[in-house]
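# Structural description and commentary
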Amino acid sequence: MVRHAIIAGGAGFLGSHLVARLLSEGYHVVCVDDLSTGSEENIFEHLENPNFEFVEHDIATPISVECDKIYNLACPASPKQYMTNPIKTFKTSIFGTINLLDLAHQQKCKMLQVSTSEVYGDPTVHPQPETYLGNVNTTGPRACYDEGKRAAEAVCFDYQRQLGVDVRVVRVFNTYGPKMDPDDGRVVSNFITQAFKGEDITVYGDGSQTRSFCYVDDLIEGFCRTMARETQFAGPINLGNPEEYSVKDLAHKVLSIVHSSSQLVYKQLPQDDPKRRRPDITKAQDILDWSPKVSVDDGLARTVDWFRDTRKN
Ligand code: UDP
C-alpha cells in the first residue's frame, strides 16, 4: 500500500532533501510550499514523478489532504529571511503548526514538528540538552522565529496531551549542504559564495562565537528515525552535529577548501546573536541510535562542490 506523506516547506533547503528521501522510500509525497523562501528549482527534478505532487499554499491557512504522515518544515529559517517579514514568520510558525496539528488529528496520523536550536536563544548552559529551558529575548529582532518556534512547540505538546496527537518534535541545529540558498545570508552560504568570488569574507563580531554544523544527509536520517520509531517519546529531541567551531575557524576552513585568497573583514555582530551553540545529542543517541556520520571537513567539501557545479556564485 502506498503511504502518503505531506511535507510542508518541501521546496526549501531541508524540505527538498526530505522529499527526495521519502520518494526513494516509495512514499507518495505532497509538497506544500508558498515559495516565499523555498524555490521550485529545489523540487524541479521530481515534477514528472507520478508519486510527487506540488501544492502552492501558505500553511497559515488550513489545508485538507489525505495523508499517513505530516512533516512540518515550513518557516523561513535564516535570520535574514525570518526578520524580513517577522509577522509572517510568526503566523507561519504558529498558525501553520496549529493547522497541521488539526490535520494530524483529523487524519489520525503522525506528525514531525521541525523546531530549532533557536529555542535556546543565547544559551547560558553549554552544550545544550533538551532540558535546558533557554534564554530568549522576547522582544528582540530574533523573537519572531525563536518565540514563534517556542509557541509552536508548546501547542504541539498541548495537542499531544489534550487530543492524543502523535507529534514528535525535533530541534534542529545549524545545518548545511547542497541546495542551501546562496542568498539566505547564512554563514556557510555567505562564506562559500564570497570565497568563490574572491570577495571579502564578512565575519560578524570578532568571529569567536561558535556554531556546530551538521551535514544535511545526517539530519534527514535523524528525521526519518524519529518518525520510524513505533512509540512516542517524551519531549523534544536535539538533532545536530556536536562538532563546534568558531565562525573565524569556519572562515579559514572554507578558504582552504575553495583555495581562495579572500580576506577576512569584521562587521558588526547582529543583536542577540548567540555566543555559543552546540547540541547535547545524548537523547538522540539513546532513543534513535542516531549520531552524525559526516565530518565538517567532508561535508564542507561536498557543499563547496555543489556550489561550484551549480555556479551559484
Ligand atoms: N555570520 C558571520 N558572517 C556572515 C553570516 C553569519 O559571521 O556572513 C555569523 C552570525 O553572526 C552567527 C553565525 O555566523 O554568529 C551563524 O549565523 P547564521 O546566520 O548562519 O545562523 P544562526 O546560527 O545565527 O541562526
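What you see is a predicted model; the values in this text were computed from it and never measured.

### Structural notes on the overall build of the chain
- Along its length, the chain carries nine helices and 13 strands.
- Expected size for 313 residues packed as a compact globule is a radius of gyration near 20 Å; at 19 Å, the chain falls within 12% of this value.
- Across its three principal axes, the chain shows a C-alpha extent of roughly 55 × 45 × 40 Å.
- Within the chain, buried positions represent 47% of all 313 residues.
- Long-range contacts, defined as pairs at least 24 residues apart, comprise 80% of the intrachain contacts of the chain with a sequence gap of at least 6.

### Topic: the UniProt feature "domain: NAD(P)-binding" (unreviewed entry) in the chain
- Listed under "domain: NAD(P)-binding" (unreviewed entry) in the UniProt record, and renumbered for this structure, are residues 7-302.
- This span, residues 7-302, is 38% helix and 17% strand, and a straight line between its end C-alpha atoms measures 25 Å.

### Overview of the site of the ligand
- If you check the shell around the ligand, you find 15 residues, and the closest are Arg186, Val187, Asn190, Thr202 and Tyr204.
- Elements that contribute at least two residues to the shell around the ligand include exactly α5 (187-197) and β8 (201-204).
- Counting residues per element, the shell around the ligand draws most heavily on β8, at three residues.
- Each residue belonging to the shell around the ligand can be placed in one class, and the counts come to seven nonpolar, five polar and three charged.

### A short note on the environment of Leu18
- Within the element layout of this structure, Leu18 appears in helix α1 (residues 13-24).
- Taking the number of C-beta atoms within 10 Å as the measure of exposure, Leu18 has 25 and is therefore buried.
- When neighbours within four sequence positions are excluded, Leu18 is seen to be in contact with Ile7, Gly10, Tyr71, Leu73, Ile220 and Phe223.

### Thoughts on the pairing of strand β6 (residues 167-172)
- With respect to burial, β6 is a largely interior element, six of its six residues being buried.
- Residues Val167, Val169 and Arg171 line one face of β6 and the alternating positions Arg168, Val170 and Val172 line the opposite face, and both faces are buried.
- Pairing of β6 with strand β11 (residues 237-239) involves three bridges; the strand directions are parallel. Its bridge partner lying in β11, Arg171 is registered against Asn238.

### What to know about the packing of α5 against helix α9 (residues 296-309)
- At a minimum axis separation of 11 Å, α5 and α9 run at an interaxial angle of 55 degrees. The orientation of α5 relative to α9 falls into the category oblique. You can see that α5 and α9 cross each other, and the crossing is right-handed. Residue-level contacts link Val188, Ile192, Thr193 and Phe196 of α5 to Thr303, Val304 and Phe307 of α9.
- In terms of residue class, the contact of α5 with α9 is built from five nonpolar, two polar and no charged.

### Quick word on unusual backbone geometry
- In this structure, the amide linkage connecting His126 to the following residue, Pro127, adopts the cis form with an omega of -10 degrees.
- In this fold, Pro127 is placed in the loop between β5 (110-116) and α4 (143-163).

### Digging into the environment of Thr92
- Relative to the elements of secondary structure, Thr92 occurs in helix α3 (residues 86-107).
- Classification of Thr92 by C-beta neighbours within 10 Å gives buried; the count is 28.
- Measuring from C-alpha to C-alpha, the distance between Thr92 and Tyr215 comes to 25 Å, with 123 residues separating the pair along the chain.
- When neighbours within four sequence positions are excluded, Thr92 is seen to be in contact with Ile59, Ala60, Ala74 and Cys75.

### A look at the sheet that holds strand β4 (residues 69-72)
- Taken in spatial order, the seven strands of this open sheet run β3-β2-β1-β4-β5-β6-β11, and their pairing is parallel. In the strand order of this sheet, the two ends are held by β3 (52-56) and β11, each with one partner. Sheet twist, expressed as the mean angle between neighbouring strand axes with direction ignored, is 20 degrees.
- Note that β4 and β5 share four bridges and pair parallel. When the bridges of β5 are listed, Lys69 appears paired with Lys110.
- Against the sheet, α4 touches β5 and β6, its axis set at about 155 degrees to β5.
- Contacts from helix α6 (residues 216-228) reach β4, β5, β6 and β11 within the one sheet, and its direction differs from that of β6 by about 160 degrees.

### Points about α6
- Over its 13 residues, α6 extends 18 Å from the first C-alpha to the last, a length consistent with the 18 Å expected when each residue adds 1.5 Å.
- Looking only at α6, the buried set comprises Val216, Leu219, Gly222, Phe223 and Thr226. Buried residues of α6, viewed axially, fall in a sector of 115 degrees; they line one side.

Rules used throughout
- Residues numbered from 1 in each chain as written.
- Predicted model: local features only at pLDDT ≥ 70, side-chain atom pairs only at ≥ 80, totals over all residues.
- Helix = DSSP H or I, 4+ residues; strand = E, 2+ residues; numbered from the N terminus.
- Rg over C-alpha atoms; globule rule 2.2 N^0.38 Å.
- Buried ≥ 20, exposed ≤ 12 C-beta atoms within 10 Å, placed from the backbone.
- Contact = placed C-beta atoms within 7 Å.
- UniProt positions renumbered as here; feature names shortened; annotations may be inferred.
- Near = placed C-beta within 6 Å.
- Nonpolar A, V, L, I, M, F, W, Y, C, P; charged D, E, K, R; others polar.
- Pairing = 2+ DSSP bridges.
- Axes fitted to C-alpha atoms, helices over the stretch in contact; angles between N-to-C directions.
- Parallel < 35°, antiparallel > 145°, perpendicular 65-115°, else oblique.
- Left-handed = near helix turned anticlockwise from the far one by under 90°.
- Expected span 1.5 Å × (residues − 1).
- Arc of directions from axis to C-beta.

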